[in-house]
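The chain contents come next:
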Amino acid sequence: MPAMTTTTADLLSRVDAATAQGTIKPATAGNLKRWLSEPQFAKYLPALTADVQAGKWSELEACFWEEIEFGTGGRRGPMAAFGSATINERTIAESANGLAEYFKKSTGRTTGRAVISHDSRNRSREFAELTASVFAAHGLKVFLFEAIRATPELSFAVLHLKCDVGVMISASHNPPADNGFKAYWSHGGQVTAPHDKGIVECVLKSKEIAIPDFQSLVASGQVEIIGEQVDAVYIDSLRKLSLSSNRNLKAIYSPLHGVGETSVYRLLQSVGFEDISIFEPQRKPDGNFPNVPKQLPNPESPKVFEPILPEANAHGVDVILASDPDADRIAFMVRDKATGQFVPLSGNQQGALITDYVIRKRQQARAGTGGDDRFTGPLTADHYVVETLVTTQMTAAIAKAANLKVVDNLLVGFKYIGETMDAVGVDKFVFGTEESLGYLAGDYARDKDAAIAALYLCELAAELAAEGLSLLDRLNQLYSQYGYYAERQRNDYAYGPSGKELILGLMDAFRKAPPTELGGVKLTEVHDYSKHEIRSLTTNSKTADLPNPSGNLVIFFGTHKDCRIRFAVRPSGTEPKIKFYLFAEPHGPAGNDVVAAKARTDARVDQFEKALGQWVEPHITAK
């Protein structure tokens, strides 16, 4: 390293002084000093110098308080001009460089194949082309989609093009200020252990990164622009998974200014759902999400549907569906015939409905009827359904009643469902579901896909409509048969470096001094997937070992005469929050008592959730 200039020394001295005064945290100072003094960050030095000299410590704190991590959905965060804690040119280039370096290191190869796509977010195309240039500098043959595409099509393309790695530039359903880098491995799924840690190590070791001219790479053929030739095969793979010919459904679909028209809407149109219209105000791809309430394009929130409701009511529509900006999640609202009001379906409810639908249709199926027999034909005892540890057990109950196997011990993240498909065997895979609106069938991809879920729920809704029923009616039939399962989520946010400390402190409190009673429910046991132990809450002492998986997740179990209670706690891997998953599970079928079972169980969950919030609040509030 060349000798430090007086100017740089002065800047570092100012950083040290701000740290000593408590204006910025030591971790922030360490990251900032690297960017001020190391040559690979030289292009950012003028802007950083100006901010340090101006004393913009709060802005610098926000940009440098951490090295942005790879979480359950890759690397995701707010965009900025610079900073180790933000998505910018440097952190995207580091991500691409680390992925390429790790691929070569782990395989011993000097060349390979990569595919890249992006969604409609601001700067997504810029970051996609930057990633392509970095990959090409490492000797990889790169396939880059010509324009916006869905995340599941990227997963499909990794397999279809026989690529070694893939990247999706997206921040999923995050606010407009965010973007991200999702890394995929050769099996078509997002990276898991040991690759995730190996990539991070290579990212952090990145120094000077070669970035050739993008247009020159395209001209030479090292970067190949792709589009319809892949799109057509992707859509055809989905069409072959259809389980019904009923297309008589009137509905409205919104892509929420994202990419869903290229996948969800194209599929529904191609299979013959002619009476599903697209909601024009939210149709145009736009990274600012201008016509979505509060510009938050998360279909898990019923608020995204509010602008659509007047049109749905005016046209007598009974079903509304919306996908998130990268079209890997889908949410439905259904008109309640009794009240005339639209009711949102939760991710767990949708997953249970699709699981039941797929199993019933395949139980009735005959081989050789025109679809993909492996995924539309009859079922055997070797077939299986997959869900995560924080997904409703109603899905497992439905599968087990059909004598299917269930894999339900997976950590949060659809990448673990994709990993399980290859580990257990793809040909017997029936359906994968997670509570956060993630679903998959078939073997065309290893990531969740809004398109396949939309197809199945629309087919089911059309068949039910022919009988004068709705998706809500079918849910009640399932509750009658299996019992009423109620699920809730609670998210507590804590921003910045102090927020991360609060979240980790709360997780520590749940382990060391957990509650033993909440809202009239006696908590009896906890499963700790970090310490790999089961503890009795009477003494909070270990009673048994807990096998894999391994992650920062604890699940509590409790009892009450109304229902069984289970709740899971984990820090989010992609957002500054701690997540709570609440489950009320029945003691038996509801039979003719569905209405009363719902009222009784929902009241118990309300009381439990309130007590949980009161227990959490002092732990998550900054002092």
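Our structure's up above, just so we're on the same page.
Given the structure is predicted, the values throughout are model-derived calculations rather than measurements.

## Structural notes on the overall build of the chain
Consideration 1: Secondary structure assignment for the chain yields 20 helices and 24 strands.
Consideration 2: The C-alpha atoms of the chain give a radius of gyration of 25 Å, which matches the 25 Å a tight globule of 623 residues would have.
Consideration 3: For the chain, the spread of C-alpha atoms along the principal axes amounts to about 80 × 60 × 50 Å.
Consideration 4: In the chain, which comprises 623 residues, the share counted as buried stands at 58%.
Consideration 5: Pairs at least 24 residues apart make up 69% of the contacts formed inside the chain by residues separated by at least 6 positions.
Consideration 6: Just so you have it, the chain exposes about 23400 Å², and 51% of that area is on carbon and sulfur atoms.

## Some details on the packing of aromatic side chains
Consideration 1: Inspection of every chain in the model, using the stated rule, returns 19 aromatic pairs.
Consideration 2: Ring centres of Trp35 and Phe64 lie 5.4 Å apart, and the angle between their planes is 80°; on these two criteria the pair is classed as edge-to-face. Remark: Phe64 occurs in helix α4 (residues 57-64) and Trp35 occurs in helix α2 (residues 26-37); sequence separation between them is 29 residues. A single burial state applies to Trp35 and to Phe64, both of which are buried.
Consideration 3: An aromatic cluster is present here, built from Phe510, Phe556, Phe567, Phe580, Phe608 and Trp615 joined pairwise through their rings.
Consideration 4: The ring of Phe143 has Lys141 sitting right over it, with the charged end atom 5.4 Å from the ring centre.
Consideration 5: Of note, Arg566 hangs over the ring of Phe583, and the distance from its end group to the ring centre comes to 4.0 Å.

## Concerning the state of the cysteines
Consideration 1: Across all of its chains, the model carries 0 disulfides by this definition.
Consideration 2: Cys202 takes part in no disulfide bond, and the closest cysteine sulfur, belonging to Cys163, lies 20 Å away.

What counts as what
- Residues numbered from 1 in each chain as written.
- Predicted model: local features only at pLDDT ≥ 70, side-chain atom pairs only at ≥ 80, totals over all residues.
- Heavy atoms only, no water.
- Helix = DSSP H or I, 4+ residues; strand = E, 2+ residues; numbered from the N terminus.
- Rg over C-alpha atoms; globule rule 2.2 N^0.38 Å.
- Buried < 20%, exposed > 50% of the residue type's maximum accessible area, 1.4 Å probe, protein only.
- Contact = heavy atoms within 4.5 Å.
- Areas by Shrake-Rupley, 256 points an atom, 1.4 Å probe, with all protein chains shown as cover.
- Phe/Tyr/Trp six-rings, centres within 6.5 Å; stacked < 30°, edge-to-face > 60°.
- Lys NZ or Arg CZ within 6 Å of the ring centre and 35° of its normal.
- Disulfide = S-S within 2.5 Å.

Such coordinate-based values are descriptive only and should not be taken to indicate function.
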